[in-house]
Structures are given as C-alpha cells and as structure tokens.
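Summary of the model geometry
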Amino acid sequence: MKKIVLVMFAMLSMTTAFAENENANRVNVANVYDMSLNIRKLGEALGLTFDQMETVADIHRTFCGEMMIASQSHKDDQKGLVEKAVNKDLKYMSYVLTGKQYQKYERLLNATLENRGLNK
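First, a word on scope: everything that follows refers to the structure included in this document. (Residues numbered from 1 in each chain as written. Predicted model: local features only at pLDDT ≥ 70, side-chain atom pairs only at ≥ 80, totals over all residues. Heavy atoms only, no water.)

1. Focus: the pattern of salt bridges
Tallying each qualifying case throughout the model produces 3 salt bridges. Salt-bridge contacts for glutamate 66 lead to lysine 88; the nearest nitrogen and oxygen are separated by 2.8 Å. Here glutamate 66 is found in helix H3 (residues 50-71), whereas its partner lysine 88 is found in helix H4 (residues 75-96), with 22 residues between them in sequence. (Salt bridge = Lys/Arg side-chain N within 4 Å of Asp/Glu carboxyl O. Helix = DSSP H or I, 4+ residues; strand = E, 2+ residues; numbered from the N terminus.)

Rendered as structure tokens:
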C-alpha cells in the first residue's frame, strides 16, 4: 500500500512539474510578443506633436493587440502574423510620421524585433 501511495505521489509531482514548465513557457512567449511601451518616451525620441502622439498611441495599441494574437496562435502561423502586424504598423505610421521620424521609428522597431528574436 505504501508503494502505491509513493508511486501516486511521484506521478502527481511529475505532472505538476510539467504543468509549471508549460505555464512558464507560455509566459515567456507572451513576454516576447508584448510590444507595449511608454508612448511619451517614444514621442520624445521621435519629436512628435500632440496630434501625432494621439494617433501613434492608437496605432501602437492596435499593433500590440495583433502581436498578442500572434503570440497565442499556432507556431506555424506566428511568423506570418508577426510579419503582417509589423507591415501594417509601418504602413500606418508612414501616414502619420514625417520622413525623418519614420526612419527613426523603423530603426527602433527593427532593433526591438531583433532583440526579441522576432526578425521581420
């Protein structure tokens, strides 16, 4: 009887350990795809006007939502969804930002994606 209890306990603890690893992996993936940032700091870096700040904030919220959808999708679809979200973000930003601001934004976005392993 003691052996059965010990075996059951061992199986339960192994199952718990595997579940913890899966949850940790999900959190790590979500953190990689979390593109939220301080819009005020971005505005200072790019030299945005007040009107541009509001529009950039709206575009960035949409981008963050699309990236979170990509993080929860199947691995085969993630790369395509990330690429689609980045292209859409850059397209919308090109309408709002001046040429100089857009170039700087593109460099910042590319550096962020590179650092997170989400190369365009």
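2. A short note on the nonpolar core
Core analysis: the largest hydrophobic core is formed by 22 residues, its most contacted members being Met67, Leu97, Tyr105 and Leu109. Mapped by element, the contributors of at least two residues to this core are helix H2 (39-46), H3, H4 and helix H5 (99-116). Ranked by the residues each element gives to this core, the list is headed by H3, at 6 residues. What leucine 97 contacts, discounting residues up to four positions off in sequence, is Leu46, Leu48, Gln52, Val56, Tyr102 and Tyr105. (Core = buried A, V, L, I, M, F, W, Y, C linked by side-chain atoms within 4.5 Å. Buried < 20%, exposed > 50% of the residue type's maximum accessible area, 1.4 Å probe, protein only. Contact = heavy atoms within 4.5 Å.)

3. Details of the packing of H2 against H3
Look at H2 against H3: their axes get within 10 Å of each other, and the N-to-C directions meet at 125 degrees. One way to sum up the angle between H2 and H3 is to call them oblique. The handedness of the crossing between H2 and H3 comes out as right-handed. Seen from H2, the contacting residues are Ile39, Arg40, Leu42 and Gly43; seen from H3, they are Met53, Val56, Ala57 and His60. Here the residues of the contact of H2 with H3 are counted per class, giving 5 nonpolar, 2 polar and 1 charged. (Axes fitted to C-alpha atoms, helices over the stretch in contact; angles between N-to-C directions. Parallel < 35°, antiparallel > 145°, perpendicular 65-115°, else oblique. Left-handed = near helix turned anticlockwise from the far one by under 90°. Nonpolar A, V, L, I, M, F, W, Y, C, P; charged D, E, K, R; others polar.)

4. Observations regarding H5
Across its 18 residues, H5 extends 26 Å between first and last C-alpha, which sits within 8% of the 26 Å expected from 1.5 Å per residue. Burial in H5 covers these residues: Gln101, Tyr102, Tyr105, Leu109 and Leu113. Buried residues along H5 cover an arc of 95 degrees about the axis, so they all sit on one side. Of the exposed residues in H5, the ones pointing more than 90 degrees away from its buried face are Lys100, Arg107 and Asn115. Tucked inside the fold, the buried residues of H5 contact H2, H3 and H4. The first or second residue beyond H5 is glycine 117, which carries a positive phi of 80 degrees. (Expected span 1.5 Å × (residues − 1). Arc of directions from axis to C-beta.)

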